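Structural features, examined
The residues making up each chain are set out below.
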Amino acid sequence: DTRDGNTYCSIQIGTQTWMGENLRYSAGQSIGHWYRDREEPDTILFGRLYSFTEVLGGQQPNEQGGADNRIRGICPQGWHLPSQAEWRTLRDFMGGASVAGKNLKVVSDGVWPGAYLPASSTFNATSAGEYYPWHEGQGKSVSGNQYKKTTFWTNERIQFNNETRKPIVAIIDESNALNIGAASVSQSAGFLGVSS
């Protein structure tokens, strides 16, 4: 990444090329979050957690069922924010919804405690957890679910009947599954790009 000198591994999975680790771009510490109750955040392993607005980098998300525009957002040059369809392609190639999460996890019992891991992994998803911006200033922990869950943004949001628009995310947790659906809250999630 020429913006900050970070270097990322990438991985070819089927017909797609994915970033093999979470983005660490901070724009001079002005975007992205980490486990703030830790003295030294491990951004090399876990990357940074971004809000949907941050990850879009000023661009508008695709509306589900509408045009599928390529959105670079805060990706390094040559990469873009994955669509829901690209996540589904990855999920299907990695064995389907019920086992793809297991097959995408980094092989480390220290990162996914107690999780059943495959003999080899190619994607290296880490259990980065979540950042909760609504807890700021309330005396509550602003981070949670590290070593239990990771959530990734897509470039889409879905419109519900009551006019609520929610971003669509891909979730890997302690189960074997890779779930794709609407974000339940305005949380911050990890970020991986797909090669443009």
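Quick look at the structure, then.

What counts and how
- Residues numbered from 1 in each chain as written.
- Predicted model: local features only at pLDDT ≥ 70, side-chain atom pairs only at ≥ 80, totals over all residues.
- Heavy atoms only, no water.
- Phe/Tyr/Trp six-rings, centres within 6.5 Å; stacked < 30°, edge-to-face > 60°.
- Helix = DSSP H or I, 4+ residues; strand = E, 2+ residues; numbered from the N terminus.
- Buried < 20%, exposed > 50% of the residue type's maximum accessible area, 1.4 Å probe, protein only.
- Lys NZ or Arg CZ within 6 Å of the ring centre and 35° of its normal.
- Pairing = 2+ DSSP bridges.

Glancing now at the packing of aromatic side chains. Counted under the stated rule, the structure contains four aromatic pairs. Plain terms: the ring middles of W87 and F152 are 5.3 Å apart, the flat faces sit at 25° to each other, and that makes the pair stacked. Of this pair, W87 sits in helix α3 (residues 84–93) while F152 sits in strand β7 (residues 150–159); the two residues are 65 residues apart in sequence, bridging distant segments of the chain. Residue classification places F152 among the buried residues on the basis of a relative accessible area of 1%. Feature note: the residues W18, W87 and F152 constitute an aromatic cluster, connected by ring pairs. Of note, R3 hangs over the ring of Y25, and the distance from its end group to the ring centre comes to 3.7 Å. For K105, the ring lying beneath its charged end belongs to W112, and the centroid distance is 4.6 Å.

Another point: the pairing of strand β9 (residues 178–182). Where strand β8 (residues 165–172) lies against β9, five bridges are found, and the strand directions are antiparallel. Looking across to β9, one finds that I171 is bridged to N179. The turn joining β8 and β9, which pair antiparallel and follow one another in sequence, is formed by five residues.

The four strands lie next to each other as β3-β7-β8-β9, forming an open sheet whose pairing is mixed. The open sheet has two edge strands with one neighbour each: β3 (62–63) and β9. Pairing between β3 and β7: two bridges, direction parallel. Considered in β7, the bridge of N62 is made with E156.

What follows covers the environment of M94. Position of M94 among the secondary structure elements: in the loop between α3 and α4 (100–104). By relative accessible area, which is 12% here, M94 ends up buried. For M94 and I13, which are 81 residues apart along the polypeptide, the C-alpha to C-alpha distance reads 8.5 Å.

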